[in-house]
Amino acid sequence: MIYLDHNATTPPSPAVIAAMLPVLSSLWANTSSQHGPGQQAKRVLSTARATVARVLGCKPVEVIFTSGATEANHMAVRGLLAASAPERKRVVFSSVEHAGQLRLARALADAGIQVDLMPVQADGTLDLAAAASLMGPDVALVSLMAANNETGVLMPMADIAELAHAAGALLHVDATQHIGKLPFHFADSGADAVSLSAHKFQGPKGIGALLLRQGLPFVPQTLGSQERGRRGGTENLAGVVGMATALELLGDVGLEATRQTQLRDALENGLTRALPETHIWGRQVPRLPGTSYLRFGQLSVDVVLQRLERLGVAASSGAACSSGGSEPSHVLTAMEVPADEALAAVRFSLGRTSTLADVNHLLQALPPMLAPLLHEERLTAP
Ligand code: PMP
């Protein structure tokens, strides 16, 4: 199988699994226990925390382990909002946040909290002028993704940090798609809080973290003594060790980004050459290296994915969490893409295990399968 759905999840690296197995079999003691095995587990937790902090450019005390990015996202927004001054109770999100984060936005609004959405432009980039107009002395928090999971389009983290801070608000960044694909350094990012999820960078599923700037007022959302009282619950030590190992293995992120950009460009150039009806979203703006979000004319994504399946290629119609539905993607809708075009959206996302051979196989096999369908579409077009 050729797996081209790395934004949904990417396979764990064998070295990550090898690092986790002895933790699962031997280091199973509770890190809060006072006995020898508990204290040994606690030391391993602390070493892994130091590794995570070193790779991500923060202090070990700023790392709060969570079950993934969804939990970190919700905890950041609810925890920072609850700790904000009474005159600051508005929250600003972007209109293209992850589905889970937009559900949180809706839940906050339903609970009577004022929520605003920063719009994007037709190319998927954030509308900075509109974002600026939404800042104000009543804003507690701005929550913005670093990179969009569907289009791969990068969001202006530094500009929004400046705007938010000038208004006296905090910035939370959902860096789930960014970390591991492009260089990242918490202290230099301008963000006050950052979410990440290990399974997007060859770590295991069910583990992630919220990086929270030291000293920031924060109301814990899951009560317990662990994680300095900021997130209760016995730690997932094997997951933590797996995540730390995955981060250590990242190595030169820039070099890998260049390799994936070349592969992605080869894929896009090949497809547009063979099938001129190919339209690629966000092609002209800064994007994640391995993400290609496109449509072949207006061929339904279901038809395209069926053909890909026959070729042994796994791709997706967008976000795994919302695919399978018949609704157009909320990201494309926010970009004002008409529904019939949005329902043709296919996402290819490359990862560390992707090769030029994968791309070449796709380029050889897919166009001959789609060309007759596109020809038919042209004949029947009004
Ligand atoms: N945010 C973004 C941008 C994502 O792409 C994802 C995963 N699809 C999440 C949050 C949620 O991550 P998790 O499923 O690990 O909680």
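Note that the coordinates shown come from a computational prediction; the quantities given were computed from them, not determined experimentally. (Residues numbered from 1 in each chain as written. Predicted model: local features only at pLDDT ≥ 70, side-chain atom pairs only at ≥ 80, totals over all residues. Heavy atoms only, no water.)

**Notes on the domain arrangement of the protein**
- Here the domain parsing of the protein yields domain 1 (2-8 + 252-380) and domain 2 (14-248).
- Measuring from the centre of the C-alpha atoms in domain 1 to the corresponding centre in domain 2 gives 29 Å.
- Taken together, the contacts link 24 residues of domain 1 with 29 residues of domain 2.
- Along the contact surface separating domain 1 from domain 2 lie 0 salt bridges.
- Viewed at the interface, domain 2 and domain 1 are joined by 10 residue pairs in polar contact (both at pLDDT 80 or more).
- Listing elements by their share of the side of domain 1 that touches domain 2, those giving two or more residues are α9 (253-274), β10 (291-296) and α11 (330-334).
- Class assignment for the residues of the side of domain 1 that touches domain 2 results in 13 nonpolar, 8 polar and 3 charged. (Domains from an automatic or database assignment. Contact = heavy atoms within 4.5 Å. Salt bridge = Lys/Arg side-chain N within 4 Å of Asp/Glu carboxyl O. Polar contact = N/O pair within 3.5 Å; in protein donor to acceptor, adjacent residues only side chain to side chain. Helix = DSSP H or I, 4+ residues; strand = E, 2+ residues; numbered from the N terminus. Nonpolar A, V, L, I, M, F, W, Y, C, P; charged D, E, K, R; others polar.)

**Points about the pairing of strand β4 (residues 115-118)**
- Of the two faces of β4, only the one carrying Asp116 and Met118 is buried; Val115 and Leu117 on the other face are not.
- Chirality of the crossover, the property in question, places the unit of strand β3 (residues 90-94), helix α4 (residues 99-110) and β4 among those that are right-handed. (Buried < 20%, exposed > 50% of the residue type's maximum accessible area, 1.4 Å probe, protein only. Right-handed = clockwise from strand over helix to strand, strands pointing away.)

**A closer look at α9**
- Under the 1.5 Å per step criterion, the end-to-end length of α9 is 31 Å for 22 residues, consistent within 8% with the ideal 32 Å.
- Here α9 has its buried residues at Val253, Glu256, Ala257, Gln260, Leu263, Arg264, Leu267, Glu268, Gly270 and Leu271. When α9 is viewed along its axis, its buried side chains cluster within an angular range of 165 degrees and face the same direction. Opposite the packed face of α9, turned more than 90 degrees from it, sit the exposed residues Leu255, Gln262 and Arg273.
- Elements that come into contact with the buried residues of α9 comprise β9 (278-281), β10, β12 (346-349) and α13 (356-380). (Expected span 1.5 Å × (residues − 1). Arc of directions from axis to C-beta.)

**Things to note about the sheet that holds β12**
- In space, the 3 strands of this open sheet follow the order β9-β10-β12, with antiparallel pairing throughout. The open sheet has two edge strands, β9 and β12, and neither has a second partner. Averaged over neighbouring strand pairs, the angle between their axes works out to 35 degrees when direction is ignored.
- Both β10 and β12 contribute to a ladder of 4 bridges, which runs antiparallel. Bridge assignment links Leu294 to a residue of β12, and that residue is Val346.
- Here α9 sits on the sheet and contacts β9, β10 and β12; the angle it forms with β10, its principal contact strand, is near 10 degrees. (Pairing = 2+ DSSP bridges. Axes fitted to C-alpha atoms, helices over the stretch in contact; angles between N-to-C directions.)

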